[in-house]
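# Structural overview
Below, each chain spelled out in residue letters.
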Amino acid sequence: MTRREFVQFVLKTASAIAVGAYFITDKVSPRRFIRAVRQKKYPGSVKQLSNINTQGKWRG
Amino acid sequence: MKVQCRLCPKECLIKPGQSGECRVRINIDGVLRTVVYSYPCSIHVDPVEKKPFFHFLPGTKTLSLATVGCNLHCKNCQNWEISQANPEDSEAFFCPPEKLVELAKTNQCTSLAYTYTDPVIYYEYTLDSSKLARATGIRNILVTAGYINKEPWKELLQYIDAARIDLKSISDDFYREVCSATLKPVLDCLVLTKASGVHLEVINLVIPTLNDKPQQIRALAQWVKVNLGSDTPLHFSQFYPQYKMQYLPPTSAETLDTARQIAMSEGMQYVYIGNITSETGQNTYCPGCKTLLIERSGFTVLKNQLKNGNCPTCGQKIYGVWK
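Read on for a plain summary of the structure. Just so it is clear, the structure is predicted and the values come from calculations on it, not from any experiment.

### With respect to the interface of chain A and chain B
Each partner contributes residues to the interface: chain A has 26 residues there, and chain B has 45 residues. Going through the elements one at a time, strand 1 (37-38) and strand 2 (45-47) of chain A are the ones with two or more residues in the side of chain A that touches chain B. When residues in the side of chain A that touches chain B are grouped by element, the largest group, three residues, is from strand 2 of chain A. Summarising the sheet, strand 1 of chain A and strand 4 (residues 31-34) of chain B pair through two bridges and their orientation is parallel. Counted as the bridge partner of A:Val37 is B:Arg33 from strand 4 of chain B.

Set out below in structure tokens:
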């Protein structure tokens, strides 16, 4: 291995470790499941409830 | 600050102002929020057979609801207009858990069905509604793809009476390519559900060329038998060209019949075919003496001969929730 190849090897290894460490540490809190907080306002439009006695057109 | 949603195996890392893959769990100022709590986009009174549940309170009505969004993106989704919709582009009703229970009672529904899209993504709404419904004597049923982490699933199962879970294929490649998901969490969810004592029915949508080969059906039936038991009702459902899979034909009646025969030859006791009319594929027969126990046509129960959940001829106990 030449000196140039050795330097390239060291740089590649170091950058791979740095990128890996970033993605691991970037997994921020919470570490466990926690419930999402209810958002009171619906972002779409809200309509009046009606006609629930007919079978749903959706599958399931 | 980014937040990580730990609800489903996707574990989305969500930047401020953005949502997870499900579209409904949003990072607002560093807090994970659900924007669909109390806002279903669809509420209907359905027969429980439509879910389909064939071994759970047959002939009863269930108040069925869904919000927009889904954590899977199946190319064949039959409800893609709501499952792949953004909340901001959709219409919804304001219907908090108390109102759902009230609606179920006034419409003589014995259960609440969290269905149409996937109750996993409106988890908090499902959980609170289930707790309230159970306290007032209304049953809770889930219709889901079972793509959820164990911890939240265990918590929810405490309040659930029945689950109908999709096993879309026994191939991880299929899950990755068709559903943008993975197989193992679904298998874990199925096993956990059965082990918890919640009534379980499994459904497989048979799609031509993708999961309809006899060896694929056999492998699926074998897995269900070994891991969930031969008494677990197994439904094979007809695919119909939808969404991003309009280039495939509908599943033929012969393919569905073959799938049913294969599963029964593997020892599965209750195998059904759905989304298509069938003379015998929707009826329940005693696995012991082959007596016709429940005769169905579409979503209608024509005859129910069970006696306290047992076969009237040989007395064999039939898996299910009958009262």
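### As for unusual backbone geometry
Residue and element names in this part refer to chain B. The omega torsion across Lys51 and Pro52 is -5°, close enough to zero to call that bond cis. In this structure, Pro52 sits in the loop between strand 5 (42-47) and strand 6 (61-66). A positive phi angle, close to 45°, is found at Glu11, a residue other than glycine. Along the chain, the position of Glu11 falls in the loop between strand 1 (3-4) and strand 2 (13-14). We classify Glu11 as partly exposed; it has 13 C-beta atoms within 10 Å. One non-glycine residue, Asn308, lies in the positive phi region at around 55°. Residue position: Asn308 is located in the segment after strand 16 (300-304). Judged by local crowding, Asn308 falls into the exposed class, with 9 C-beta atoms found within 10 Å.

### As for the pairing of strand 9 (residues 139-144) of chain B
Residues and elements named next belong to chain B. By the criterion of burial, strand 9 is predominantly enclosed, with six of the six residues buried. Along strand 9, one buried face is formed by Arg139, Ile141 and Val143 and the opposite face, lined by Asn140, Leu142 and Thr144, is buried too. Bridge count between strand 8 (residues 111-114) and strand 9: four bridges; the pairing is parallel. Looking at strand 9, one finds that Ser111 is bridged to Arg139. This β-α-β element, strand 8 to helix 3 (residues 123-135) to strand 9, shows right-handed connectivity. Relative to strand 10 (residues 162-166), strand 9 runs parallel, the two being bridged by four bridges.

### A closer look at the packing of helix 2 (residues 97-106) of chain B against helix 3 of chain B
All names here are of chain B. The N-to-C vectors of helix 2 and helix 3 enclose an angle of 45°; their axes lie 9 Å apart at closest approach. In terms of orientation, helix 2 and helix 3 fall into the oblique class. As for how helix 2 packs across helix 3, the hand of that crossing is right-handed. Seen from helix 2, the contacting residues are Pro97, Glu98, Leu100 and Val101; seen from helix 3, they are Asp128, Ser129, Leu132 and Ala133. For the contact of helix 2 with helix 3, the residue count by class is five nonpolar, one polar and two charged.

How each quantity is defined
Residues numbered from 1 in each chain as written. Chains lettered and ligands numbered in written order. Predicted model: local features only at pLDDT ≥ 70, side-chain atom pairs only at ≥ 80, totals over all residues. Contact = placed C-beta atoms within 7 Å. Helix = DSSP H or I, 4+ residues; strand = E, 2+ residues; numbered from the N terminus. Pairing = 2+ DSSP bridges. Buried ≥ 20, exposed ≤ 12 C-beta atoms within 10 Å, placed from the backbone. Right-handed = clockwise from strand over helix to strand, strands pointing away. Axes fitted to C-alpha atoms, helices over the stretch in contact; angles between N-to-C directions. Parallel < 35°, antiparallel > 145°, perpendicular 65-115°, else oblique. Left-handed = near helix turned anticlockwise from the far one by under 90°. Nonpolar A, V, L, I, M, F, W, Y, C, P; charged D, E, K, R; others polar.

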